[in-house]
Amino acid sequence: MDPEARTETGQGLIRPLRPADLADCLDLDRRALGGLWSETQWQRELAEANRPGLGIWQADGLRAMACGWLILDELHITVVAVDPFFRRRGLGRGVLAGLLAHGQAAGARHATLEVAAPNGAARGLYAAAGFQEAGIRRAYYRNGDDALIQWLKLVR
Ligand SMILES: CC(C)(COP(=O)(O)OP(=O)(O)OC[C@H]1O[C@@H](n2cnc3c(N)ncnc32)[C@H](O)[C@@H]1OP(=O)(O)O)[C@@H](O)C(=O)NCCC(=O)NCCS
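Report follows, based on the coordinates. (Residues numbered from 1 in each chain as written. Predicted model: local features only at pLDDT ≥ 70, side-chain atom pairs only at ≥ 80, totals over all residues. Heavy atoms only, no water.)

Bringing the side chain of Asp83 into the picture now. Here Asp83 shows up in the loop between strand 5 (74-82) and helix 3 (91-105). We classify Asp83 as buried; its relative accessible area is 3%. Within the local environment of Asp83, its side chain forms a polar contact with the backbone nitrogen of Phe85, the two atoms lying 2.9 Å apart. Every residue in contact with Asp83, bar those within four places of it in the chain, is listed here: Leu28, Arg31 and Arg63. (Helix = DSSP H or I, 4+ residues; strand = E, 2+ residues; numbered from the N terminus. Buried < 20%, exposed > 50% of the residue type's maximum accessible area, 1.4 Å probe, protein only. Polar contact = N/O pair within 3.5 Å; in protein donor to acceptor, adjacent residues only side chain to side chain. Contact = heavy atoms within 4.5 Å.)

Encoded structure:
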């Protein structure tokens, strides 16, 4: 992912996440995901070339982000998060589409992720993006929720 790439869209500025975005990522992670990753984990995610991340900025802040790991021909999506005050405006769809396009350009042939079964918003987003259910991991999460494995073929 070219770290200098920048695209102005109707949704705001879309560009790759960089090490200097650490504080913004930590803040959005805390507010949207309840603090999925520690500062050390975020530093690593933002530093490694095979862990692409994309953000959408509007006015004064990071509104949406999506991250993944490129593993051989797979894009494993690890994070999709939108500022709670800016949901249902297409930002999740936009940042996810950008990450999928990057994964495809980098050689990924399919994308995969896990989503908690009760997470209707995320399931709706992934279904809208064309993901299909490929399996279930029972009691995968600490709170006992099942994880649904989602899978998308990235057409070349
Ligand atoms: C899931 C999440 C990223 C969606 O972001 P968003 O910007 O609100 O989503 P969008 O506005 O782009 O919605 C795109 C589509 O997803 C679906 N969707 C989004 N939110 C939904 C909801 N609450 N209920 C049902 N479907 C929903 C709809 O199909 C929607 O299209 P529509 O608005 O035309 O009906 C956001 O709710 C979020 O950050 N949740 C907390 C973090 C999280 O759970 N991340 C995923 C972990 S696997």
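Examined against the element boundaries, Asp2 turns out to sit in the segment before strand 1 (7-9). Counting along the chain gives 51 residues from Asp2 to Gly53, while the straight-line C-alpha distance between them is 11 Å.

Despite not being glycine, Ala59 has its phi angle at roughly 45°, a positive value. Relative to the elements of secondary structure, Ala59 occurs in the loop between strand 3 (53-58) and strand 4 (61-71). If you check the backbone angles, Ala139 has positive phi at about 50° while not being a glycine. You can see Ala139 is positioned in the loop between strand 7 (132-137) and strand 8 (147-153). Here Ala139 falls in the partly exposed class, since its relative accessible area comes to 49%.

Looking now at the layout of surface pockets. Take a probe with the size of a water molecule and roll it over the atoms, and the empty space left behind shows itself. Of the voids in this model, the largest pocket is the one considered here, and its volume is about 1,300 Å³. Forming the walls of the largest pocket are 37 residues, and the residues nearest its centre are Leu33, Val80, Asn119, Ala122 and Tyr126. At the level of elements, helix 1 (22-33), strand 5, helix 3, strand 6 (110-116) and helix 4 (120-128) are the ones that each hand at least two residues to the lining of the largest pocket. Among the elements that take part in the lining of the largest pocket, strand 5 stands out by supplying seven residues, more than any other. Residues that form the lining of the largest pocket fall into these classes: 23 nonpolar, eight polar and six charged. Around the second largest pocket sit 16 residues that line it, and Met1, Leu17, Leu46, Glu48 and Arg51 are the ones nearest its centre. For the lining of the second largest pocket, the class distribution of residues is 11 nonpolar, one polar and four charged. (1 Å grid on protein atoms, 1.4 Å probe; cavity = no way out; pocket = protein on both sides within 12 Å on 5 of 7 lines; lining within 4 Å. Points joined across faces, edges and corners; volume = space filled by probe spheres on them. Nonpolar A, V, L, I, M, F, W, Y, C, P; charged D, E, K, R; others polar.)

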